[in-house]
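Below are the chains, spelled out letter by letter.
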Amino acid sequence: MRTIEAIKHPLKGELTVPGDKSIGHRAVIFSAIAGGRSRVLNLSGGEDNLRTVQAFEDLGVAVRREGKGLSIEGKGWDGLHAPGGVIDCGNSGTTMRLLSGVLAGRPFTATLDGDQSLRRRPMQRVIDPLGRMGARISSRNGKGLAPLEIRGATLRAIRYATAVASAQVKSAIILAGLQAEGITVVEEPQHTRDHTEIMARAFGADITVKGNSIAVGGRQGLSARDLRVPGDLSSAAFLVVAAAVIPGSDLIVRDVGYNPTRSGVLDVLRRMGARIEILNPREESGEPVADLRVLGGRLKGVDIGPEMVARTIDEYPILAVAAALAEGKTTISGARELRYKESDRIATMTSELRKLGVEVEEREDGMTIAGRERLKGAGVNTYGDHRVAMALSVAGLGADGGVTIDDSACADVSFPGFFELLERLRRS
Ligand code: S3P
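Here is a short report on the structure shown in this document. In this text the structure is predicted, and so the values were computed from the model without any measurement. Residue numbers run consecutively from 1 along every chain, following the written order of its sequence. Confidence filtering applies because this is a predicted model: local features only for residues at pLDDT of at least 70, side-chain atom pairs given and counted only at 80 or more, and all residues used for totals across whole chains, interfaces and linings. To get the side-chain values, all heavy atoms of the structure are used, and hydrogens and water are removed first.

**Comments concerning the packing of helix α3 (residues 93–103) against helix α5 (residues 124–133)**
Running from N to C, α3 and α5 cross one another at 10°; their axes reach a closest spacing of 10 Å. Of the possible angle classes, the one that applies to α3 and α5 is roughly parallel. On α5, the residues touching Arg97, Ser100 and Gly101 of α3 are Arg125, Val126 and Leu130. To get an axis, a line is fitted to the C-alpha atoms, and for a helix only the part in contact is used. The angle between two axes follows their N-to-C directions and goes from 0 to 180 degrees. Here a strand is any run of E in DSSP of at least two residues, a helix any run of H or I of at least four, and the numbering for each starts at the N terminus. Angular relationships are summarised with four words: roughly parallel below 35 degrees, roughly antiparallel beyond 145, roughly perpendicular across 65 to 115, and oblique for the angles in between. Should any heavy atoms of two residues lie within 4.5 Å, those residues are considered in contact.

Here's what the structure looks like:
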């Protein structure tokens, strides 16, 4: 249990956030399957990224902690060996789905499992394409749920149109495609985060992107390289919203990944009236990076339509809090995928915001939130979902009497140190 008291003064100062979770997973994966020693700097200490590190250690890859970085000794695809036991992906959907793509082409059997939340999440979306490529994957009761037993095989290339916009599914197919015979093509309904494509290229792979279609040649070996993971925009978003809704705030978040496939949250906040400046735009290891400056004020409600989903997918919980503190109504639509995240984020944000006195209408693919000037303090549940926990904590800053969350430890999945940072801002 943890109580986040209402804040009485503007947020000021400068800070950084942990390394990007999505890019971190890929940095570890590509380092592990490349040939040679790669060094990964600024990997978040979040539990999800550590699950991916542990998974490759289970598969026989040597990983050493070196100062602020990791040194990963890749020995190519054939350097991976059958694990001694079940690989535990914890809470991490990215670990499970991307690893499925890697293991699909390896000549051994491995079992992937996870926590209660991960065991509820849909895995058929990777089982189908990887099965068509030749891997044999069985799931719990044949229902597409973890644990998954993956029997790798010699893979054939496929052309595959994903039914839902999912970077995890796309990435699993690309990772399998790199091992297959022939050219694998993935087509997506919406352009999702392209960190896998960028990272594959950085490790020397031949991969081409035309619109929403990605083609990757098979039987590709990759070469080691050093890289630095930029700060996570999805983590920064909690602090950006905190500053944006508290009038008089002036906060700078330095060194944040600013990939256009991820930055929907900033576009939405700007439409809501937030003043956000992009400072020092630059590129690091092929990824756009910038510093963000946020000035606080009063936001107004907007419509967040289906076209925003892919670029904003992880930021709906915190955008729901921004909406709760905005003037007027915000409508989220076309976002059914939120029901398949670490929790059902439409249901959890609806029930918890209602406890804070917010009028919320829940629909199958979204919600309508009526904003208020102040929230009512209350005890809320996080459902073990890191982003729900952090979003509700930011809500606490604007709630008379504060907000008490039942589980703050789950924030460590992506943002270790989140509460200490919030506390530091409160005191500054
Ligand atoms: C991720 C993709 C998204 C996102 C998740 C991380 C990734 O999931 O929600 O937090 O790293 O590829 P989906 O691919 O299921 O949309």
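**So, the packing of aromatic side chains**
Between rings of Phe, Tyr and Trp, where Trp is taken as its six-membered ring, a pair exists when centres lie within 6.5 Å; planes separated by under 30 degrees are stacked, by over 60 edge-to-face, and by other angles tilted. Within this structure, the stated rule accounts for four aromatic pairs. Taking the centre distance of 5.0 Å and the plane angle of 80° together, the rings of Phe418 and Phe419 count as edge-to-face. As far as the burial class goes, Phe418 and Phe419 line up, both buried. An aromatic cluster of at least three residues, connected via ring pairs, comprises Phe238, Phe415, Phe418 and Phe419. Throughout, exposure labels follow a simple rule: accessible area from a 1.4 Å probe, protein chains only, divided by the maximum for the residue type, with under 20% read as buried, over 50% as exposed, and the rest as partly exposed.

**Side note on the site of the ligand**
In the neighbourhood of the ligand, the contacting residues comprise Lys21, Ser22, Arg26, Thr94, Arg97, Ser166, Ala167, Gln168, Arg193, Ile313, Asp314 and Lys341. Ser166 is positioned with one of its side-chain polar atoms (N or O) 2.7 Å from an oxygen atom of the ligand. Residue Ala167 places a main-chain N or O atom 3.0 Å away from an oxygen atom belonging to the ligand. For every accessible area listed, the method is Shrake-Rupley and the probe measures 1.4 Å; residues are considered covered only by the protein chains on display. Within the complex, the protein chains bury 96% of what would otherwise be the 380 Å² of accessible surface of the ligand. Where the shell around the ligand is concerned, the elements lending two or more residues are α1 (21–33), α3 and α6 (167–177). The greatest single-element share of the shell around the ligand, amounting to three residues, is contributed by α1. Structurally, the shell around the ligand is a two-domain feature, drawing no fewer than three residues from each of domain 1 (2–19 + 230–427) and domain 2 (21–228). Throughout this document, a residue counts as near a molecule or strand when at least one of its heavy atoms sits within 4 Å of that molecule or strand. As used in this structure description, the phrase polar contact means that two N or O atoms lie within 3.5 Å; if the pair is within protein, one of them must be able to donate a hydrogen and the other to accept it, and residues adjacent in sequence are counted only when both atoms belong to side chains. For the domains described, the bounds stem from an automatic or database domain assignment.

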